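Per-entry structural report
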Amino acid sequence: MMLRLLERQSVSVTGTDEDALRKILDAADGLPLAIVISAAWLADMPPQSFLRSWTRSRSAMQELPGVPSPDRFSSVHVSVGLSIQSLEEAQVDLLRVLSLLPAGAAMETLDLIPTDSGPVAVRSAELVRRSLVERDGTGLRMLAPIREFVLVQMPATRKAEITAAVIRAHTDFLREALVQAYAGHGADVWSTVDRALRNVAPLVDQGLETHCPGPAMVDLVVSASLAFRATGRINDGVASLDKVSSVVIDDGSLFGILMEEKGHLQRAAARLDEALESYGLALETWDALGARSRQAVCYLRLGDVLRVLGQYPDAEDAYRLGAEAHELAGCTPLERGDAIECMGDLARMRGAWDVAERLYVRAQELFASVGNGLVGMTNTSHSLGETWLACDQHERAEIEYEDALRISRDIGDAQGEANATLGLAKVSALEGRYVEAG
């Protein structure tokens, strides 16, 4: 394996090198990662010199507390430690950033982290060459043993600074990515969002460990919450929200935001009793703070839960309170459309088809007037399809379902796409087009 790696790097091995190479292989304990990192070093250093440096480093490691004798794992640590010693500080900092991100990170995420050290692509080239970092599609990723070594070796103050910067960058990336997704570019960003989501829980743990400010932590998990919901990873989202809510003031706005987001996730997963509890806690906070716009959102979503539970009068009261709070807060077209759509849903469930149609059309007009209203357009198109289907107007229902399917595909809304596809299948089945329905 070592000879093949050296050959790829155009390193010629002479007879005088063979004994040193055998000793390097023995020192690496047969661990592939230690061998790969050592081979990367041998492109720049004669085997005898590398072996001397490696031996000195391992001896020094054995003198550290808690490392009483050599073991197989220390082979990797010695190899990584030697490589890191030769790097510039900017390159070491990039390693530290990546050590916080077990799923790796896209270049666009890494570029959001403030630095005076030049582009990520330039700083990462040497790290890739030394096998400390691997390219992963359009991003970078570290193997677990290297990550663990870098994390342990990172000075506490520097770790706190870098953790805060990475949390801010991930928050900004998720916010921007979701704006792009729901503006019609979903197919292009969801794979990158998925990688970022896999880093949220580790970042929450590191943020709590380094005492990252509460607002920054809340911003991270709330920014991730919508993406967790859209991708069906409800438990991951709730777990992150719960961890952060355990360390914020229980009667402040941060707590209210976390409970509201938790309610959204639970409602999406049909955990209705839990959602009622979370929205109730959030409303207590917003009522105490007089936060009208937040009250409005909670009342509307509370109404959604009550409507699904069949508690129509209570749902109607919640929708009315939500609409009033929105108006008092000076609502946007998107917010007004949301409130009208909710009343349309209630009318449809009560069988008031004409009222439901009128409300959905009005909500759709409002959603169409703003750039970020495509999710609302998908929902109202699907709801209109359901309304026409209930009225046996299959052709009109099919048109609405087709619109919902087109928009949901544009924004990468898997749930919306599934609902629209199911609606089209129902139309096909009702008209005897069973092959199409299948």
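Small disclaimer: the values here were computed from a predicted structure and weren't measured.

What counts, and where the lines are drawn
Residues numbered from 1 in each chain as written. Predicted model: local features only at pLDDT ≥ 70, side-chain atom pairs only at ≥ 80, totals over all residues. Heavy atoms only, no water. Helix = DSSP H or I, 4+ residues; strand = E, 2+ residues; numbered from the N terminus. Buried < 20%, exposed > 50% of the residue type's maximum accessible area, 1.4 Å probe, protein only. Contact = heavy atoms within 4.5 Å. Areas by Shrake-Rupley, 256 points an atom, 1.4 Å probe, with all protein chains shown as cover. Salt bridge = Lys/Arg side-chain N within 4 Å of Asp/Glu carboxyl O. Core = buried A, V, L, I, M, F, W, Y, C linked by side-chain atoms within 4.5 Å. Expected span 1.5 Å × (residues − 1). Phe/Tyr/Trp six-rings, centres within 6.5 Å; stacked < 30°, edge-to-face > 60°. Lys NZ or Arg CZ within 6 Å of the ring centre and 35° of its normal. Pairing = 2+ DSSP bridges. Axes fitted to C-alpha atoms, helices over the stretch in contact; angles between N-to-C directions. Parallel < 35°, antiparallel > 145°, perpendicular 65-115°, else oblique. Left-handed = near helix turned anticlockwise from the far one by under 90°. Nonpolar A, V, L, I, M, F, W, Y, C, P; charged D, E, K, R; others polar. pLDDT = per-residue confidence, 0-100.

Helix and strand counts for the protein stand at 23 helices and three strands. Relative to its 438 residues, the protein shows a buried fraction of 49%. Taking as baseline every contact in the protein between residues at least 6 positions apart, the subset at least 24 positions apart corresponds to 64%. With the model as given, the accessible surface of the protein reaches about 20,200 Å², and the carbon-plus-sulfur share is 53%.

Following the criterion strictly, the structure yields 29 salt bridges and no others. Measuring nitrogen to oxygen at the nearest pair gives 2.6 Å for the salt bridge that ties Lys-243 to Asp-205. Here Asp-205 lies in helix H11 (residues 200-209) and Lys-243 lies in helix H13 (residues 234-245), a separation of 38 residues in the sequence. For Asp-205, a relative accessible area of 35% corresponds to the partly exposed category. Among the ionic contacts, a cluster of salt bridges with common partners joins Arg-267, Arg-301, Asp-304, Arg-307, Asp-338, Asp-345 and Arg-348.

Another aspect to go through is the nonpolar core. Within the largest apolar cluster, 82 residues are counted, with the highest numbers of intra-cluster contacts made by Ile-84 and Leu-110. A per-element tally of this core places helix H10 (residues 156-198) first, with 16 residues. Apart from residues lying up to four places away in sequence, Leu-110 is in contact with Val-97, Leu-98, Leu-101, Ala-105, Val-120 and Leu-140. Counting 13 residues, the second-largest nonpolar core is a separate cluster that includes Ala-347, Ala-356, Ala-404 and Leu-405.

Three- or four-residue spacings in an α-helix give side chains the same orientation, since the helix completes a turn every 3.6 residues. Counted at 1.5 Å a residue, the expected span for helix H16 (residues 292-308) with its 17 residues is 24 Å, and the 25 Å between its end C-alpha atoms agrees. Buried residues along H16 sit in contact with helix H14 (253-268), helix H15 (272-289), helix H17 (312-329) and helix H18 (333-349). Positive phi appears at Gly-310, one or two residues downstream of H16, with a value of about 85 degrees.

Let us now look at the packing of aromatic side chains. Aromatic rings in a pair are described by how distant their centres are and how their planes are angled relative to each other. For the structure shown, the criterion picks out zero aromatic pairs. Note that Arg-396 overlies the ring of Trp-388, its terminal NZ or CZ placed 3.6 Å from the centroid.

Its place among the elements puts His-326 in helix H17. When sequence neighbours within four positions are dropped, the list of residues in contact with His-326 reads Ser-293, Ala-296, Val-297, Leu-300, Cys-331 and Glu-335.

Turning next to helix H20 (residues 374-390). Compared with the 24 Å implied by 1.5 Å per residue over 17 residues, the 24 Å span of H20 between its first and last C-alpha is a close match. The buried fraction of H20 is high, at 12 of 17 residues. Those residues of H20 not exposed but buried are Gly-376, Met-377, Thr-378, Thr-380, Ser-381, His-382, Ser-383, Leu-384, Gly-385, Thr-387, Trp-388 and Leu-389. Its buried side turned inward, H20 meets H18, helix H19 (353-368), helix H21 (394-411) and helix H22 (414-430). In the segment just after H20, Asp-392 is the residue with positive phi, at about 60 degrees.

Pairing is antiparallel in the open sheet, where three strands are placed in the order S1-S3-S2. With one partner strand each, in any of the chains shown, strand S1 (105-106) and strand S2 (134-136) form the two edges of the open sheet. With two bridges joining them, S1 and strand S3 (residues 139-141) adopt antiparallel strand pairing. Counterpart to Ala-106 in the pairing with S3 is Gly-139.

This next bit is on unusual backbone geometry. Backbone geometry at His-211 places phi at a positive 60 degrees, although glycine is not the residue there. Note that His-211 resides in the loop between H11 and helix H12 (214-230). On the basis of relative accessible area, His-211 is assigned to the exposed category, the value being 70%. Of note in this structure, Ala-270 is not a glycine but carries a positive phi near 60 degrees. Inspection of the secondary structure assignment puts Ala-270 in the loop between H14 and H15. Residue Ala-270 is classed as exposed on the basis of its relative accessible area of 56%.

This paragraph deals with the environment of Leu-281. Relative to the assigned elements, Leu-281 resides in helix H15. Judged by its relative accessible area of 30%, Leu-281 falls in the partly exposed class. Ignoring anything within four residues of it in the chain, the contact list for Leu-281 reads Phe-255 and Met-259.

Glancing now at the packing of H15 against H16. Two elements in contact, H15 and H16, have axes whose closest approach is 10 Å; the angle formed by their N-to-C orientations is 155 degrees. In terms of orientation, H15 lies roughly antiparallel with respect to H16. Crossing of H15 over H16 shows left-handed handedness. Along the contact surface, H15 presents Leu-272, Ala-275, Leu-276, Tyr-279, Ala-282, Leu-283, Trp-286 and Asp-287, while H16 presents Arg-294, Gln-295, Cys-298, Tyr-299, Arg-301, Leu-302, Val-305, Leu-306 and Val-308. When its residues are assigned to classes, the contact of H15 with H16 shows 13 nonpolar, one polar and three charged.

Of all residues in the protein, 81% attain a pLDDT of 70 or more, and the chain-wide mean is 84. This stretch, residues 64-73, has a pLDDT under 50; its non-local contacts, to residues over four places away or in other chains, come to 12 contacts.

Quick look at the side chain of Arg-96 now. The topology assignment puts Arg-96 in helix H6 (residues 89-99). Given the relative accessible area of 12%, Arg-96 is considered buried. Setting aside residues up to four positions removed in sequence, Arg-96 forms contacts with Glu-89, Val-150, Met-154, Pro-155, Arg-158 and Ile-162.

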